[in-house]
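Residues per chain are reported as follows:
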Amino acid sequence: QVQLVESGGGLVQAGGSLRLSCAASGSIFTINTMGWYRQAPGKQRELVATLTYGGSTNYADSVKGRFTISRGNAKNMVYLQMNSLKPEDTAVYYCRLRQASQDYWGQGTQVTVSS
């Protein structure tokens, strides 16, 4: 049993910042990859950032230099620091855990960036 709980979404003005949090619980393996995805209205869900257990990161070109994915000191905590937000960042953001060839998803949290 795996559960992902997200928090930190909200409404922010263009140029502002938000930090999303994801807490994973249940049967979590040491070797796993955490990720953040987003889905805007009328768009497919897309990868935002990923972070492996070894610390390797991968970012979508659209967020490079603005977003940072990281793990907290507490086990199974993952964050997405979002700076210099743009209206096109508006979407529902989802936390994803990948382990043993299986994906687990959070409930999603709304991020709205006003122009």
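Shown above is the structure to which this text applies.
Sequence order as written defines residue numbering, which begins from 1 separately in each chain. Residue-level local features of this predicted model are given only where pLDDT is at least 70; pairs of side-chain atoms are given and counted only at 80 or more, and the full residue set underlies all totals for whole chains, interfaces and linings. The basis for the side-chain values is all heavy atoms of the structure; hydrogens and waters are excluded.

Observations concerning the state of the cysteines
Counted only if it meets this: For the purposes of this analysis, a disulfide is any pair of cysteine sulfur atoms at a distance within 2.5 Å. A helix here means a DSSP run of H or I that spans at least four residues, while a strand means a run of E at least two residues long, and both kinds are numbered starting from the N terminus.
This structure, assessed with the given rule, holds one disulfide. Residue C22 pairs covalently with C95 via a disulfide, S to S 2.0 Å. The sign of the -80° torsion about the S-S bond sets the C22-C95 disulfide as left-handed. Taken together, the residues span a long stretch of sequence, with C22 in strand β3 (residues 18-26) and C95 in strand β9 (residues 91-99) at a distance of 73 residues.

Quick notes on unusual backbone geometry
Working note: non-glycine residues mostly have negative phi, and peptide bonds are mostly trans. Here is the rule we go by: Here the term buried applies to any residue with accessible area under 20% of the maximum for its type, exposed to any over 50%, and partly exposed to those in between, with areas from a 1.4 Å probe on protein chains only.
You will see that S84, though not glycine, has its phi angle at about 50°, which is positive. Turning to its location among the elements, S84 is positioned in the loop between β8 (77-82) and β9. Given the relative accessible area of 42%, S84 is considered partly exposed. For S101, which is not a glycine, the phi torsion comes out positive at approximately 65°. In this fold, S101 is placed in the loop between β9 and β10 (102-105).

Regarding the pattern of salt bridges
Applicable threshold: What counts as a salt bridge is simple: a side-chain nitrogen of Lys or Arg found within 4 Å of a carboxyl oxygen of Asp or Glu.
Counted according to the given criterion, the structure contains five salt bridges. Across the pair R38 and D89 runs a salt bridge whose closest N-O atoms are separated by 3.0 Å. Pair noted here: R38 is in strand β4 (residues 33-39) and D89 is in the loop between β8 and β9, with a separation of 51 residues, a long-range link. The burial state of R38 is the same as that of D89; both residues are buried. Here R66 ties to D89 by a salt bridge, and the two come within 2.8 Å at their closest N and O atoms. Of this pair, R66 sits in the loop between β6 (57-59) and β7 (67-71) while D89 sits in the loop between β8 and β9, placing them 23 residues apart in sequence. Overlapping salt bridges, with partners in common, bring together R38, E46, R66 and D89 in one network.

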